[in-house]
Amino acid sequence: MGHPTEQEIVGELRAAGCVFAEDEARVLMETPPDARGALLARRVAGEPLEHVVGWVEFAGARLHVAPGVFVPRRRTEALVRVALPHAEGAVVLEMCCGVGAVAHAIADRTRPRDVIAVDIDPAATDCARRNLPHADVVTGDLFEPLPTALQGTVDVLVANAPYVPTGAVGTMPREARDHEPVVALDGGPDGLDIARRIVEQAPSWLSPGGILAIETSAGQAPSLAALMTAQGLAAEIVVDDDVDGLVVVGLLVGAAVHPENKPTAATVEPGTPARPTVGTDTEASTP
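Residues numbered from 1 in each chain as written. Predicted model: local features only at pLDDT ≥ 70, side-chain atom pairs only at ≥ 80, totals over all residues. Heavy atoms only, no water.

(A) View of the pairing of strand 5 (residues 136-139). As paired elements, strand 4 (residues 114-119) and strand 5 share 4 bridges and run parallel to each other. Across the sheet, V118 pairs through a bridge with V138, a residue of strand 5. Following the backbone out of strand 4, through helix 7 (residues 122-131) and into the adjacent parallel strand 5, one traces a crossover that is right-handed. (Pairing = 2+ DSSP bridges. Helix = DSSP H or I, 4+ residues; strand = E, 2+ residues; numbered from the N terminus. Right-handed = clockwise from strand over helix to strand, strands pointing away.)

(B) Structural detail: the pattern of salt bridges. Inspection of the entire model under this criterion finds 16 salt bridges. The shortest N-O distance in the salt bridge between E22 and R14 comes to 2.1 Å. Residue classification places E22 among the partly exposed residues on the basis of a relative accessible area of 31%. We classify R14 as exposed; its relative accessible area is 53%. When the shortest N-O distance is used, the salt bridge between D193 and R196 registers 3.2 Å. A residue pair is termed a helical-turn pair when its members lie 3 or 4 positions apart in one helix, as D193 and R196 do in helix 9 (residues 193-201) at 3 residues. (Salt bridge = Lys/Arg side-chain N within 4 Å of Asp/Glu carboxyl O. Buried < 20%, exposed > 50% of the residue type's maximum accessible area, 1.4 Å probe, protein only.)

(C) Structural view of helix 5 (residues 77-87). The buried fraction of helix 5 amounts to 10 of the 11 residues, a majority that puts the element mostly inside the structure. A positive phi of about 70 degrees marks G89, the residue just after helix 5.

(D) Expanded view of the packing of aromatic side chains. As enumerated under the stated definition, the model contains 1 aromatic pair in all. Considering the side-chain rings of F143 and W205, the 5.3 Å spacing of their centres and the 20 degrees angle between planes classify their relative orientation as stacked. Note that F143 is positioned in the loop between strand 5 and strand 6 (154-159) and W205 in the loop between helix 9 and strand 7 (206-215), a separation of 62 residues in sequence. With a relative accessible area of 3%, F143 lands in the buried category. The ring of W55 carries R62 above its face, with NZ or CZ at 3.8 Å from the centroid. (Phe/Tyr/Trp six-rings, centres within 6.5 Å; stacked < 30°, edge-to-face > 60°. Lys NZ or Arg CZ within 6 Å of the ring centre and 35° of its normal.)

(E) Spotlight on the packing of helix 9 against helix 10 (residues 221-230). In the contact formed by helix 9 and helix 10, the axes pass within 9 Å of each other and the chain directions differ by 20 degrees. Judged on the interaxial angle alone, helix 10 and helix 9 are roughly parallel. Crossing geometry of helix 9 relative to helix 10 is assigned as right-handed. Contacts from A195, R196 and V199 in helix 9 reach L224, L227 and M228 in helix 10. Here the residues of the contact of helix 9 with helix 10 are counted per class, giving 5 nonpolar, no polar and 1 charged. (Axes fitted to C-alpha atoms, helices over the stretch in contact; angles between N-to-C directions. Parallel < 35°, antiparallel > 145°, perpendicular 65-115°, else oblique. Left-handed = near helix turned anticlockwise from the far one by under 90°. Contact = heavy atoms within 4.5 Å. Nonpolar A, V, L, I, M, F, W, Y, C, P; charged D, E, K, R; others polar.)

(F) Representation of unusual backbone geometry. If you check the backbone angles, C96 has positive phi at about 55 degrees while not being a glycine. Tracing the backbone through its elements, the reader meets C96 in the loop between strand 3 (91-95) and helix 6 (101-109). A positive phi angle, near 50 degrees, is found at L142, a position not held by glycine. For L142, the position within the fold is in the loop between strand 5 and strand 6.

(G) Structural detail: the packing of helix 1 (residues 6-15) against helix 3 (residues 33-44). The N-to-C vectors of helix 1 and helix 3 enclose an angle of 20 degrees; their axes lie 10 Å apart at closest approach. Classified by the interaxial angle, the pair formed by helix 1 and helix 3 is roughly parallel. Here helix 1 and helix 3 pass one another in a crossing that is right-handed. Facing helix 1, whose interface residues are I9, E12 and L13, helix 3 presents R36, L40, R43 and V44. Of the residues in the contact of helix 1 with helix 3, the class split is 4 nonpolar, no polar and 3 charged.

As structure tokens, this is what we get:
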């Protein structure tokens, strides 16, 4: 099918089992006519639409995403909402950044002093550098590649760390388990291995009054909050029903903390997504 019409695309997508066939067809109709047939074939074969077209909609912006890279979900906008009240003039660090979606949304809405993004996947940080041209994007394992001079200076640390329990990865939608790196999905036996490492190290990197915000599931939130409390952070579970997101926030209590620094969530006015994100519930495949 060289130059399929929108109606033909809808039919092909429906036959392939795509729930949002009409929305996806509209996205594919934006692609060059000569390439449209081949792109449609890739989508029908099961490749995520975001990988096919090369972009993902997040918090009102189109961000570059390459094949094989984790696709940010809309619920992760909850991290942005939690961070925004604390980000003006701040040092913002996005851990497990993927394509840099959270850092991009924060920088687009505030004027942070510095933005740093870290991910272990080189393909992801390649995308993040395109999406965050004015940030410091580094590749490595959590805090390992960061300069020690950054310790004690981070005001906002956000992370969508992998939180699918190892045993549940095989039950995820095919688009996720076949086309996204397992390192971006697998959170270990209880889904908290990566988050646990972040929480254990975060206090030495946060500034007094700095916040740590980590996306998680409802079943894991109490355990994650307890981990933060054990590290001396004042923990709070924030539920964002607008985007079906859940974030555990930890405040580093110190001499410079003021009452107004208590973790809060700001309203993000996300643009209307081109379609609901593929695999919207994949990370929530937790007990």
